[in-house]
Amino acid sequence: MFKELPRRRALDLLIRPTRVEVSERALWHNVRWVKQQIGGAGLLAVVKANAYGHGAVHVARVLEREGVAMLGVALVEEGLELRNAGVRAPILVMGGSYEGGYELMVQHELTPTLFRFEHLEGLSRAAAKLGIRARAHLKVDTGMARLGVQLSELTDFLRALTAAQTHVELDGFMSHFASADDPGNPSTEEQLRRYGQALTAVRAHGFSPRWRHVANTAGVLSGMGLPPQTDVNLVRPGILLLGVAPASWLSAKAPLEPVLSWKTGVTHLKTIEPGTAVSYGGTWVAQRRTLLATLPVGYADGFGRSFSNRGSVLIRGQRAPVVGRVTMDMSLVDVTDVPGAALHDEVVLLGAQGGLRLAAEELAALSDTIPYEIMCGIGARVPRVLVG
Ligand SMILES: *Cc1c(COP(=O)(O)O)cnc(C)c1O
């Protein structure tokens, strides 16, 4: 007879050894370091995209306990997921909203980011219907050209905001750096100049937003988090809190501890003879008697096909190369040179083992991408486990 599963996501059952471990201690360490850097300013912790693949709910709970001023998500849906899990901290929905999202945002106290007249209308209508005054942040485009009110339309937007004041309270003013990870790029200074100009206009219209912010991780690490002569009182890092720097020159700026470890185990082990071709297409052929381990992790889990014949893993404190093509659910590694390699050995795909570390930057280089994409790309079927 069919017996019902325990009341949790079946994919979180940890039957397969492949998992992501999220270190609560490392997260604390990084949050405290950032807080020291910013003195009395506020910390908005960005936890969009499932906290960059780390698991938004447990990460947000730790951050909430650490007393961050606010959490940031990209989507209304992500904010609702956190509210459903009991997270009470203020949440800023940074990606703007869409038709249908405003009432949910107002009901669940999610703070929208406004940059289109429709946003303002949608929010006013929802707040009026529920008989409340909703808080919002105004976003201006100072040079990223992605989201934000353009400076040329700012005056009109501020007039509309004034007209909507019964139901909308301007609680924040923000913009976003485009190239803060590039030290010599003059666009950052130019963005700050426009930011200042726009904020002056906001104040001239009688608004005094409690929060003023512009910097992501790259901004914080390059010293532009709270730039001199600029009215900023909140920073908005994401990847920094997870212990990863957005560019290698920035990693020397902070004693970060990576929060994420990605692990699996050896689930099949055998000796193959010289001349044996391995995996789809036989792109790797054993040149010697080879001890070959099968790992239950593949590109469907985010272990990229670009790691085929190029990547490596850690086993018994040693590196072992990925051989042959990475497949959807499985990968193969040559463990001939790992003394004592055995079935069920723990294997580290990303993180530390023994004295060695496989960094997100290294995996990113293999895939010609950035650490963000590696972490966000870890598949939904990999359980995320918080460890103390
Ligand atoms: C993603 C994001 C951040 C955080 O970026 P990091 O590089 O991870 O610090 C901050 N602000 C906005 C608007 C974002 O979209």
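For the structure, check the block above.
Everything quoted here is computed from the prediction, not taken from an experiment.

Section: the site of the ligand
Around the ligand, a shell composed of 14 residues is seen, among which Lys48, Tyr52, Thr217, Gly238 and Tyr372 lie nearest. One nitrogen or oxygen atom from the side chain of Thr217 is found 2.5 Å from an oxygen atom belonging to the ligand. Backbone polar atom of Ile239 to an oxygen atom of the ligand: 2.9 Å apart, as the coordinates give it. Here the ligand has 390 Å² of accessible area as a free molecule, and 92% of this is covered by the chains. Taken together, the residues that form the shell around the ligand break down as six nonpolar, four polar and four charged.

Considering helix H8 (residues 187–204)
Counted at 1.5 Å a residue, the expected span for H8 with its 18 residues is 26 Å, and the 26 Å between its end C-alpha atoms agrees. Regarding H8, the residues found buried are Thr188, Gln191, Leu192, Tyr195, Ala198, Leu199 and Val202. What you see down the axis of H8 is that its buried residues fit within an arc of 130°, all on one side. For H8, exposure combined with an orientation more than 90 degrees from the buried face picks out Glu189, Thr200 and Ala204.

Considerations on the pattern of salt bridges
Counting across every chain of the model gives 25 salt bridges. Between Glu346 and Arg19 there is a salt bridge whose closest N-O contact spans 2.9 Å. Of this pair, Glu346 sits in strand E18 (residues 346–353) while Arg19 sits in strand E1 (residues 19–23), placing them 327 residues apart in sequence. When its relative accessible area of 35% is taken as the criterion, Glu346 is described as partly exposed. Under the relative-accessibility criterion, Arg19 is labelled buried at 15%. Residues joined in a network through salt bridges with shared partners are Arg16, Asp301, Asp329 and Arg381.

Section: the environment of Ala136
Along the chain, the position of Ala136 falls in strand E6 (residues 134–139). Classification of Ala136 by relative accessible area gives buried; the value is 0%. The sequence separation of Ala136 and Leu221 amounts to 85 residues, and the corresponding C-alpha distance is 27 Å. Leave out the neighbours within four places in its chain, and Ala136 touches Thr111, Pro112, Leu114, Leu123, Val168, Glu169, Leu170, Asp171 and Gly172.

How each quantity is defined
Residues numbered from 1 in each chain as written. Predicted model: local features only at pLDDT ≥ 70, side-chain atom pairs only at ≥ 80, totals over all residues. Heavy atoms only, no water. Near = heavy atom within 4 Å. Polar contact = N/O pair within 3.5 Å; in protein donor to acceptor, adjacent residues only side chain to side chain. Areas by Shrake-Rupley, 256 points an atom, 1.4 Å probe, with all protein chains shown as cover. Nonpolar A, V, L, I, M, F, W, Y, C, P; charged D, E, K, R; others polar. Helix = DSSP H or I, 4+ residues; strand = E, 2+ residues; numbered from the N terminus. Expected span 1.5 Å × (residues − 1). Buried < 20%, exposed > 50% of the residue type's maximum accessible area, 1.4 Å probe, protein only. Arc of directions from axis to C-beta. Salt bridge = Lys/Arg side-chain N within 4 Å of Asp/Glu carboxyl O. Contact = heavy atoms within 4.5 Å.

Distances and angles like these do not, on their own, reveal function.
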